[in-house]
2 protein chains.
Amino acid sequence: MNQNPAELKSWVKYAPESDFPIQNLPYGIFDDGKGGPRAGVAIGDFVLDLALICEKNLFEGTGLEGNPFREHRLNAFMEQGRSVWRAVRNRITELLSEHSSQIRDDHALRDRALVPIENVALRKPVYIPSFVDFYSSEQHATNVGKMFRPDNPLMPNWKHLPVGYNGRASSIVPSGISVQRPMGQTMPEGAETPIFGPSKRLDYELEMGFFTGKRNPMGACISTTEVEDFLFGMVIVNDWSARDIQKWEYQPLGPFLAKSFATSISPWIVTFDALEPFRTMGPKQQPPVLPYLQCEKPWAFDIKLEVSIRTSKMDAYQKLCSGNFKTMYWNVAQQLAHQAVNGTNVQVGDLYASGTISGDSPDSLGCLLELTQGGRSPIQLTSGETRTFLEDGDSLLMKAWCEGDGFRIGFGELEGTVQPAQ
Amino acid sequence: MNQNPAELKSWVKYAPESDFPIQNLPYGIFDDGKGGPRAGVAIGDFVLDLALICEKNLFEGTGLEGNPFREHRLNAFMEQGRSVWRAVRNRITELLSEHSSQIRDDHALRDRALVPIENVALRKPVYIPSFVDFYSSEQHATNVGKMFRPDNPLMPNWKHLPVGYNGRASSIVPSGISVQRPMGQTMPEGAETPIFGPSKRLDYELEMGFFTGKRNPMGACISTTEVEDFLFGMVIVNDWSARDIQKWEYQPLGPFLAKSFATSISPWIVTFDALEPFRTMGPKQQPPVLPYLQCEKPWAFDIKLEVSIRTSKMDAYQKLCSGNFKTMYWNVAQQLAHQAVNGTNVQVGDLYASGTISGDSPDSLGCLLELTQGGRSPIQLTSGETRTFLEDGDSLLMKAWCEGDGFRIGFGELEGTVQPAQ
């Protein structure tokens, strides 16, 4: 689409502050109780039923094969490749744009194709074969490093490669699914032997993650110019973390059960095509990175972020932090090029999360560990309560959005509530 | 089966030293070029075609649903549960036992059902949703710990929990698939900045791994008495490792690209039912472990292990190490109970590897890093060559077997050859 995004208008009516204007068109899997879970894009307060649109042959000429939108996950669509993603996106844009009558004036079709978003449940959008979590915010790595290793906060490797580790893919859940406080081993301060029980230092981590939509054969790397063919879209990620379990278990092989009990993702996948106008330069990297990590294009994205909390005694959410994804030291192209440089085969549906996103200011810290300085400075809540770490019944809300010229590319909401340990 | 395993005999003829007597019956996926990859069990020098046996209704009464043996992976069979695994195993034992005529005397069926093992290719037997690698040999953890952290080889947590981390499942390959030397970042001794290139310290790791064949719902843990329903069978694992990449990248989040380029597994899955006669006590655990890690039964298995090397200049394999799986400090029941104690959902087909298996003696060390003392003591080969780490063209062979009374429960061979970096 060569059109200036600000000029695009849809015949579907929505408020100017909607997360889902025609410029966005994020993909998700919705269930309206009829016809089973299937793929849709969000438009204003509606979901456009892509399985139906495809059934009506409205994707003819896009190169789309079969009807992948009938599936319970987006993988079958994702693996059709970037030229199909683009052609389908352009066609949806066309069908929803103000001068297009094909759906707008076919009342029977329009009524079936536009499902009110309030009437649907949103499912996990992708089958995720592998989950990698990076550690790409310099502020977060420094702040947390100080607590675990006061003398040595940022490891010598940190500015040379995007540090990351493999996470647990099976326990990734979509927004709205409650998260159970994990049981585990911890070593209390000053104790001689570890104890077993519910985590006492349960935390969230504000992250963004990207999905890959293309495979590379084992043994073949992916350059930073080739990554574009692999990058399907992004979601908000809450990397729930049990800090006391982590502190005791993580040496020398990294976080394991402190993270694997649950990871939450937002239900709508915002495509890199929708994010394109928000591409920007990230922080200057000094020392210079090795050639395989150098990028021709800017690869940061100006995505505003917000985290709020609501305890069971509160009526409304209270903001804990505001951040921006563009502050990340390592970008998505570098993360993917690094992941594949040893010949690891990337898969359709892999999720690569950024690591906690923290900025320079005290109100831009992406987890409670940082906000409360390791639990030493409790946060005051409007209910009169305080928090160092999460308590049972606490709900976390994460939002992410790009501010366009008269429109907003929103990620929707990522919500999760802490349930007591079993 | 209440019969003494030593008394079991089959009408299929095989040598007494065969890896695959009637007492074994390991599952695999074979491809004979006709009818596509499908499931079989090894018996002597043959593969019994289970898809055909099922098609002939010979599994009637076992509770088996459908014909999961037609699939390209064993997952559909595995998820039918332990009572079906047992009933099917008993039926196969019955069909192959010396007094059973059903297959033996039906020549047309017998000729189709028994495929010579030399005529088949063996595939990756399971779709592996998640891969966890433990670090459960005290000798290995101590030996390697000394090299990375001379003052602090065994971390304080090591004797309290089975240390592990999430690995990369996508790059797990079966025996016979060559492994490409990975490219990556390393920090040479004494250098100021890292360099990029092929790994110079490529190593293997001798491990055993188990597959789970049952799901647990997210949030529910698995006790050490409940694990039996989850444990399907075991394979040999070669956890290829690039030591120079590992040394530079692993702090603070653990091994990542040093391991994710490839992991090899042996093609036959030996069931826990076949391993039952070899159940034995592992090392005494001192200090005592927390209650959730305590076991009622002995959970070590007496499995002999051997690693050999053949360079491109050698005609035959030369032994590098002999070990035994029973020396592992942490056992499979403890590993699975630990993995699930935080509520992580275990899946059908998950692979849990033991970590490198090293014993007390110098000839029982499970990787070159230990055998060559970090590359300082080269190994002398019969070809006149020496090795500190693996060179291009080197082939590694791993074997594992249990010595029964007149029979041998073998795992077959796990072979892999190092290809040059690309």
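Residues numbered from 1 in each chain as written. Chains lettered and ligands numbered in written order. Predicted model: local features only at pLDDT ≥ 70, side-chain atom pairs only at ≥ 80, totals over all residues. Heavy atoms only, no water.

## So, the relation of the copies chain B and chain A
Phase 1: Each copy superposes on the other: chain B lies on chain A with an RMSD of 0.0 Å after a rotation of 180° and an axial shift of 0.0 Å. Classification of the inter-copy transformation places it as that of a two-fold axis. Nearest to the rotation axis, the C-alpha of Gly 254 of chain B is located 2.1 Å from it, this being the minimum over chain B.
Phase 2: In this assembly, 100% of the residues forming the interface of chain B have copies in chain A that are likewise at the interface, indicating an isologous arrangement. (Least-squares fit on C-alpha atoms with pLDDT ≥ 70 in both. Contact = heavy atoms within 4.5 Å.)

## Comments concerning the side chain of Thr 417 of chain B
Residue and element names in this part refer to chain B.
Phase 1: The topology assignment puts Thr 417 in strand E26 (residues 408-419).
Phase 2: Within the local environment of Thr 417, its side chain forms a polar contact with the side chain of Glu 415, the two groups lying 2.9 Å apart.
Phase 3: The contacts of Thr 417, once residues within four sequence positions are left out, are Ser 178, Val 179, Gly 393, Asp 394 and Ser 395. (Helix = DSSP H or I, 4+ residues; strand = E, 2+ residues; numbered from the N terminus. Polar contact = N/O pair within 3.5 Å; in protein donor to acceptor, adjacent residues only side chain to side chain.)

## Describing the interface of chain B and chain A
The figure often quoted for interface size is the accessible area lost as the parts come together.
Phase 1: Between chain B and chain A, the residue contacts involve 58 residues of the former and 58 residues of the latter.
Phase 2: Together, the buried faces of chain B and chain A total about 5,400 Å²; carbon and sulfur atoms form 60% of this surface.
Phase 3: Three residues stand out in chain B for area buried against chain A, namely Arg 168, Leu 253 and Phe 256 of chain B, and they jointly supply 15% of the buried area on that side.
Phase 4: Where chain B meets chain A, there are 26 residue pairs in polar contact (both at pLDDT 80 or more).
Phase 5: Of all elements in the fold, only strand E6 (131-134), strand E7 (164-166), strand E10 (183-186), strand E11 (195-198), helix H6 (243-249), helix H7 (257-260) and helix H9 (332-340) of chain B reach the threshold of two or more residues within the side of chain B that touches chain A.
Phase 6: Among the elements that take part in the side of chain B that touches chain A, E7 of chain B stands out by supplying three residues, more than any other.
Phase 7: Split into classes, the residues belonging to the side of chain B that touches chain A amount to 33 nonpolar, 21 polar and four charged. (Buried area = accessible area lost by both parts, 1.4 Å probe. Nonpolar A, V, L, I, M, F, W, Y, C, P; charged D, E, K, R; others polar.)

## Here's the deal with the side chain of Arg 408 of chain A
Phase 1: By secondary structure assignment, the location of Arg 408 of chain A is in strand E26 (residues 408-419).
Phase 2: At a separation of 2.8 Å, a polar atom in the side chain of Arg 408 of chain A contacts the side chain of Asp 19 of chain A.

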